[in-house]
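# Fold and contact review
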Amino acid sequence: MLGAYLCIHPQIVRNGFHLAGISFGPSDRDEAIDLAITEFLNGRYPYYAKTFLGNPITPMPGALVLAFPFYLIGDSSVQNVFWLAVFFGAIAVYHRSIFMTAVLACFVCFLSPNVTYHVLIGSDYIANSIYVLTFSALLFGSAERRAPFWQSVLWAVFLGLG
């Protein structure tokens, strides 16, 4: 699945796509993250750069930090696939039901045009939503079970980045 995504994604981003008679234009959301990280690694201020559509870089610094590992493997848009897997894994652990998680995954991925669209164009909206939710739940859970202080601080720092 990841291989198919990496083959299809660049074509959709550059050319847009047509679905059910509706045309969707190209997107530069994932390129904004990759471009900002590249600019930063080259010693330049990342927010001066413009994407291929001429748009400014809009993701906040925390989003760039959290996208950095995915940038290193070649494309920050892969973070959507990772964070969706984290989300479904958390649902499976919380409800202790693989079946329910599979049903939810089908509903979210195949019956939600918005999720499908943002995954296809590589937008970071899904990843942002999931990691903020995940870090919030981890922070709340560590406080609720009176975990060691360092755990709460760790999740609070990650939530702040998110």
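Structure: above.
Since we're looking at a predicted model, the values are computed, not measured.

### Points about the nonpolar core
If you look at the biggest cluster of nonpolar residues, it comprises 15 residues, and the most contacted ones within it are Trp-83, Leu-84, Val-119, Ile-126, Ile-130, Tyr-131 and Phe-135. Elements supplying a minimum of two residues to this core: helix H3 (61–72), helix H4 (79–95), helix H6 (113–121) and helix H7 (125–144). At five residues, the largest contribution of residues to this core is made by H7. Excluding residues that lie within four positions of it along the chain, Leu-84 makes contacts with Val-119, Ile-126 and Ile-130.

### Topic: the pattern of salt bridges
One pass over the structure, following the stated rule, counts one salt bridge. Its salt-bridge partner being Arg-44, residue Glu-39 comes within 2.8 Å of it at the nearest N-O pair. When its relative accessible area of 43% is taken as the criterion, Arg-44 is described as partly exposed.

### A word on the packing of aromatic side chains
If you walk through the whole model with that rule in mind, you get twelve aromatic pairs. With a centroid separation of 5.1 Å and 80 degrees between ring planes, the pair formed by Phe-82 and Trp-83 is classed as edge-to-face. A relative accessible area of 39% places Phe-82 in the partly exposed class. Relative accessible area serves as the criterion here: at 7%, Trp-83 is assigned to the buried category. By way of ring pairs, the aromatic residues Phe-70, Phe-82, Trp-83, Tyr-131, Phe-135, Trp-155 and Phe-158 are connected into one cluster.

### Examining H3
For H3, built from twelve residues, the straight-helix expectation of 16 Å at 1.5 Å per residue is met to within 8% by its first-to-last C-alpha distance of 16 Å. Turning to H3, its buried residues number three or more, namely Gly-62, Ala-63, Leu-64, Leu-66, Ala-67 and Phe-70. Where the residues of H3 are buried, they touch helix H2 (29–41), H4, H7 and helix H8 (149–161). Trailing H3 by a residue or two, Gly-74 shows a phi angle of about 125 degrees, which is positive.

Rules of the game
- Residues numbered from 1 in each chain as written.
- Predicted model: local features only at pLDDT ≥ 70, side-chain atom pairs only at ≥ 80, totals over all residues.
- Heavy atoms only, no water.
- Core = buried A, V, L, I, M, F, W, Y, C linked by side-chain atoms within 4.5 Å.
- Buried < 20%, exposed > 50% of the residue type's maximum accessible area, 1.4 Å probe, protein only.
- Helix = DSSP H or I, 4+ residues; strand = E, 2+ residues; numbered from the N terminus.
- Contact = heavy atoms within 4.5 Å.
- Salt bridge = Lys/Arg side-chain N within 4 Å of Asp/Glu carboxyl O.
- Phe/Tyr/Trp six-rings, centres within 6.5 Å; stacked < 30°, edge-to-face > 60°.
- Expected span 1.5 Å × (residues − 1).

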